[in-house]
Structures are given as C-alpha cells and as structure tokens.
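Secondary and tertiary structure notes
The residues making up each chain are set out below.
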Amino acid sequence: MSEPLHVCVDCEKRADATTNRCSGCKGAIDVLYPLDRTEIRPFESNPNPLKRYQDILPVWGEENLTWLGEGNTPCTSVPPLARLLGVRSVHIKDESRNPTKSTKDRIASATLSRFKGIGVNEFVMASTGNSSTAYANAMRLVRGFKVHIFAGDDFVYRLNYADHPQVVTHSVSGSFVSTAATAQKFARENELFWEGGFFNYARREGLKLSYVEAYQQMPTNPTHVFQAISSGMGLLGGYKGAVEFNRKGLMDKVPSFIGVQQDTCAPMVSAWNAGRSEIAEEDILENPDGLAHAILRGDPTNTYPYIRSMCIDTNGALVAAQREEMHIAKGILESVGFEACYAASTCLAGAMRMAHEGSLGPDSDLLIILTGALRPLVPTPSNIVRHLS
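Here's a quick rundown of the structure.

The backbone of Lys26 sits at a positive phi, close to 70°, despite the residue not being glycine. Position of Lys26 among the secondary structure elements: in the loop between strand S1 (5–8) and strand S2 (29–32). Its relative accessible area of 48% is what places Lys26 among the partly exposed residues. Of note in the backbone geometry, Asn72 takes a positive phi value of approximately 60° without being a glycine. By the secondary structure assignment, Asn72 is in the loop between helix H1 (49–52) and strand S3 (75–77).

With that settled, consider the sheet that holds strand S10 (residues 256–262). In spatial order, the strands read S3-S4-S12-S9-S10-S11; together these 6 strands make up an open sheet with mixed pairing. The sheet is open, and its two edges are formed by S3 and strand S11 (317–321), each paired on a single side. Taking each pair of neighbouring strands and ignoring which way they run, the sheet shows an average axis angle of 25°. Where S10 lies against S11, 5 bridges are found, and the strand directions are parallel. Note that in S11 the partner of Ile258 across the bridge is Ala317. Here helix H6 (residues 201–217) sits on the sheet in contact with S3, strand S4 (89–94), strand S9 (224–228), S10 and strand S12 (365–370), set at roughly 140° to S4. On top of the sheet, helix H10 (residues 323–335) reaches S4, S10, S11 and S12; it is set at about 90° to S11, its chief contact.

Here is what the cut-offs are and how they apply
- Residue indices begin from 1 for each chain and proceed along its sequence in written order.
- Reporting of local features is limited, given that this is a predicted model, to residues whose pLDDT is at least 70; pairs of side-chain atoms are given and counted only at 80 or more, and all residues count toward the totals for whole chains, interfaces and linings.
- As a rule here, side-chain values come from all non-hydrogen atoms in the structure, and water together with hydrogens is ignored.
- A run of DSSP states H or I qualifies as a helix once it reaches four residues; a run of E qualifies as a strand once it reaches two. Both are numbered from the N-terminal end.
- Buried means the residue's accessible area, taken with a 1.4 Å probe over protein chains only, is under 20% of the maximum for its type, while exposed means over 50%, and partly exposed covers the values in between.
- A pair of strands counts as paired when DSSP detects no fewer than two bridges linking them.
- Fitting a line to C-alpha atoms yields each axis, with helices limited to the stretch in contact; the angle taken between N-to-C directions then spans 0 to 180 degrees.
- The criterion used for residue contact is that any of the two residues' heavy atoms lie within 4.5 Å.

Next up, the structure:
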C-alpha cells in the first residue's frame, strides 16, 4: 500500500508525519489513506484491532503496532431504549469494557504505535484523568517509553495508576486549559515531544476504531451517532471513519453526528446555538463545574471550528443535557445493564433531549458511544511534582 498523506485540514498544506499541527497556519493535520488500495477487514478476522484496521491507521510497519488489549467491545441492541426514544433501534457501544474502563485506551495504543514509527520515546501530555490513566497503564506493559503526565489539582484524584519508573506525574494549580499550557511550556523547556492532545492525529485515529467496530457490528448503518464531548476528538474520529467506510462502499450514507455537553459546561453548544463559527468570550467558562468531570473543558477555542464543520456537513448538532437529565440517563443505563460514568450518561441524555424535541424520527437508528465507567479510586500516584499555573 502507498503511504498515506498528511495534510492540513485548514490550508491543505502537506505536513510531515512527525508534526501535530500545520507549520503554516497551525491547523489540525489529517491523515489521508489511499482507499482504493486499502483493505478493511471483517470484525471477526483478527482479535487485534490494530491489525484488522492497519490500512486506515497512521502506522508504518507491523513491527510498530503496539496493542494494549483494548477494543472488540460489545455493541448491543437495546429495544427498551428504542421504545423509550420512539426510534427504530438503539445500539450502545460499551467502551467501559476496555482495560482502564475508558475509550482512551485506544488513544494510547494508536499513539505509541505512531511514536515508535517516528522515533519518539519520551513525551509530555495533559489530561483530566482518562487519557493519562490509559498512558500510564501502557507504560506498565511496554518498555522503551517515558511519559510526563500533567493534571490539574482538581483532577489528580482521577489519575488511577500506581507510581511507575516510566511515568512522571505533575499537578498544576489551575484549570485544564492552564494545565495544558504549563505542560507545553515544560515540554519546550526540556526539549521533549508534546503529545498534542486533540491535535495528535493518532488520538483521533485511535478513537475512530470504536466507531468502525460499531459500524461493522450493527446490522444496519446508524442514522445518528451520539457522543459526549469536551474537545470532540472522538466524535471527529468517528466521522472520519464513516467517510472512509462510505467511500469504500461499506456504509450507504454518512450518519448525522451529535456532540453532547452538560449544560453547566457547554461552550460549544453556546457558540453553536448562537450561530457562531468560532468560540466567543461569552462562551468560555474559566472555572467550569458539573457532574461529568471528564468533559469539563471550558475553552474549546482551538477545536470547536472542526466540530462545527462536522455537524454542518452531516446535518448533525451540538446539544446540552441538564443535570437532572444526566441523573435519569445514568439510572436508565443501569436498569438495562450498563455501568456508565456521568460523561457517558450525558450522551444518552442528549439523545433523550433530541427525542423529546422531536428531532429523531421513528425510522432513526441510533449509535450511542458510552465512553467509559467509573474506576476504583485506588491506586493513585503518590510521587507528584507540583507546579503553579
């Protein structure tokens, strides 16, 4: 197969595989695969999703594939939910079955596979807990890497891993946004690779795999896809996977993609409802709060334009779920056999809101991505480097 192209989404300038953002306009880098010469293998063909979907992943050489045991999560039809929402079908993709109970395990596998190929062995990242726990778990399984994990003081309790020689944990007295800024400064000063967050294309490509698995597991193509979002990189990955499946003839039509936020921290929904193409000052929350801590991002200025374009292109939407709706959704999920955190419950709450408003028809087939479940609070790291924001 020919090597894929790395291209800036904004200005279409070619990029190098080692960069996270366009050298010219600082836009996001997308990876374009030669789909006429790729093979997307059946779900049952291989237990390793990285091998199954290798042709649509940014990994060069099978020797660089670094599978951490994630993937192959169930995608279950739930008729009681379909009846509740007044739609034809509801399928739930349960990502809580991954090793650290989060879809972010897919990020660690895809990124370490990319990093092996480009020669990165020490890097810096920021997280509200799920991504960092996934990377720390990876360090326990894979030798040759070292990661510096930065988390805000209010999120340290969500770092569910023990101390490890390949992991250095840093805490910052500030929001997620200021924590990421501190982490990037640390990376520059110490000449270390910045993992990139949303702009690390391997993150989006890894998260894409939860969706493409679901597309193959469902008996019919979804008409609507729902996920709770903060930066929106998972939903964007799912959209890219749908476009690739559609161009390969494996999906009749690209579904509508819906991003859901909690109403106490919904800067993207605020901008979307106001018809803005960019996040404005009145959309930003300096100290966001809410039930779903994993998606408490008060300033998505850099990522919103991509999510907005995706929603427009797919006739999708950005919606906010209220606190009471999130409680109800969590209880409903538990009643039908799913363990879900509040971030995952936000996703169902958004679907319930759209159904109540009449935005979903009786011929709708919904795919709901449950991004994870609560983890035990132990172990947690004790060796922590403290920083001021």
